[in-house]
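Here is how the chains run, residue by residue.
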Amino acid sequence: MKVKEQSPVFQLHDLTYPRLNLNDHTLDGNLPSPKSQPEIECPRLPPRTNVGVLDTLPLELLQEILSQLDLRTLADFRQVNRRAIELVNSLPQYKAINTHALNALRGILSIETGRWITCRTLYEKLCTPGCEQCGDFGGYLYLLTCKRVCFLCLSEDSLYLPLSPRRASWKFGLDSLIINTLPRMRVIPGIYSPNEKKVGAPSVLVDYESALHAGISIHGSLNAMRNFVADVETQKLQAYEARAAAAQQSGFITRRRRQRRTSDVFDGQSGNPFRFVAVVRVPWLNRSLQEVEWGFHCVGCEKSSRPPLHYRRKFTAASFDDHLKEFGNIQDGKHHMR
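Residues numbered from 1 in each chain as written. Predicted model: local features only at pLDDT ≥ 70, side-chain atom pairs only at ≥ 80, totals over all residues. Heavy atoms only, no water.

Student: Just checking my understanding: could you explain the pattern of salt bridges for this structure?
Tutor: Where side chains of opposite charge bring their charged atoms close, a pairing between them can arise. Counted under the stated rule, the structure contains 12 salt bridges. As a salt-bridge pair, R313 and D136 come within 2.7 Å of each other at their nearest N and O atoms. Residue R313 is located in the loop between β13 (309-310) and α13 (317-327), and its partner D136 is located in the loop between α7 (119-126) and β2 (140-142); the two are separated by 177 residues in the primary sequence. A residue is classified by how much of its surface remains accessible, and R313, at 14% relative accessible area, is buried. (Salt bridge = Lys/Arg side-chain N within 4 Å of Asp/Glu carboxyl O. Helix = DSSP H or I, 4+ residues; strand = E, 2+ residues; numbered from the N terminus. Buried < 20%, exposed > 50% of the residue type's maximum accessible area, 1.4 Å probe, protein only.)

Below you can see the structure in the form of structure tokens.
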């Protein structure tokens, strides 16, 4: 019998560690008390009434319908009566979400993004381990559009930085009618980002990627959009300079001349609190085994802050095996290629 070579996967306890001694201050820690969200509470008494015509449908068909509802509508349906709660709670997808990703559900309802995220979509994200940008293990869920993401993409990619409606309008050349159609969220005040930045009064933000695609669609191309934005800004600056010159000639004292805005303000990346206002931590639910995995870090990358060997990267057992094959086994806390 041929003996299979021992895989590095069996040495996980020596080569990995489960978590960093850091607090990313995501939405998880800023959610309101569960008691303030009655739409997700479970009843203590059995139902006494039905849900009318819906109860005449076969249970399998009714569950299929409910699983395709957006989460806000599903939460509203649960408040009809105890029978409605019982039906929603019987959904396999909802059970899994309620058990393993409750903060994702609570977060979606709290920041009011549930109108464009269905129960099935959230469940599928729970069962998908990879970051949708880079493919690494994604330990977070971006709740504006329900995307699985890793920390590095979350903190560095502009797609995960929600914008104020005004800024999105300026940046992508959009009018208010288009802005109002974009996925949006309500910001919950609190402390966000590893730098512990305070976000004060509630505000509304829109999804960066959706605004970008809307701008490209309206203007025809990325270059056309950028040219339009630049032309508008030039016209505004010229109008301002004309007013300033007229005021100066008439003897009025004008304010200091503003400079043309040519680029975005400094983002701050992981120090920007708005990158974390729509983010919660979520595990990966292995659908076949019905087990959850939170991912882990590599000992060989622990002291590195330069990708691809970055201390913030997380792995599953399978992806860590590939990681060792690519960068070598770990000796004395470092990767060594053979």
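Student: Any chance you could explain the packing of helix α3 (residues 71-78) against helix α4 (residues 82-89) here in plain terms?
Tutor: Packed helix pairs are characterised by how far apart their axes lie and by the angle those axes make with each other. Closest axis-to-axis distance for the α3/α4 pair is 7 Å, and the angle between their directions is 135°. Classed by the angle they form, the pair α3 and α4 counts as oblique. Taking contact as the criterion, the partners of L74, F77 and R78 in α3 are, on α4, A84, I85, L87, V88 and N89. Grouping the constituent residues of the contact of α3 with α4 by class yields 6 nonpolar, 1 polar and 1 charged. (Axes fitted to C-alpha atoms, helices over the stretch in contact; angles between N-to-C directions. Parallel < 35°, antiparallel > 145°, perpendicular 65-115°, else oblique. Contact = heavy atoms within 4.5 Å. Nonpolar A, V, L, I, M, F, W, Y, C, P; charged D, E, K, R; others polar.)

Student: Sorry, what's going on with a nonpolar patch on the surface here?
Tutor: Residues L54, L57, L61 and I65 make up a contiguous nonpolar surface patch of roughly 280 Å² in combined accessible area. When you line up the elements, L61 lands in helix α2 (residues 59-67). Since its relative accessible area comes to 41%, L61 is described here as partly exposed. (Patch = residues over 30% accessible without salt bridge, like charges linked within 9 Å, V, L, I, M, F, W, Y side chains within 5 Å. Areas by Shrake-Rupley, 256 points an atom, 1.4 Å probe, with all protein chains shown as cover.)

Student: I tried to follow the packing of aromatic side chains on my own but got confused; where do I start?
Tutor: Here the distance between the centres and the angle between the planes together describe a pair of aromatic rings. Scanning all chains against the criterion turns up 6 aromatic pairs. Note on F296 and F320: the rings are 5.7 Å apart at their centroids and 80° apart in plane angle, and the pair reads as edge-to-face. Residue F296 is found in the loop between β10 (291-293) and β11 (297-298), and its partner F320 is found in helix α13; the two are separated by 24 residues along the sequence. You can call F296 buried: its relative accessible area is 10%. (Phe/Tyr/Trp six-rings, centres within 6.5 Å; stacked < 30°, edge-to-face > 60°.)

Student: Looking at this model, I keep getting lost on unusual backbone geometry. Mind explaining?
Tutor: When glycine is set aside, most residues are seen to have a negative phi, and most peptide bonds are trans. For the peptide bond that leads from P307 to P308, omega is 10°, which places it in the cis range. In this fold, P308 is placed in the loop between β12 (305-306) and β13. Here E196, not a glycine, exhibits a phi torsion of approximately 55°, which is positive. Mapped onto the elements of the fold, E196 is located in the loop between β5 (190-192) and β6 (197-199). The phi dihedral of D332 falls on the positive side, at around 55°, and the residue is not glycine. Note on D332: relative accessible area 81%, which makes it exposed.

Honestly, it's all geometry; don't read function into it.
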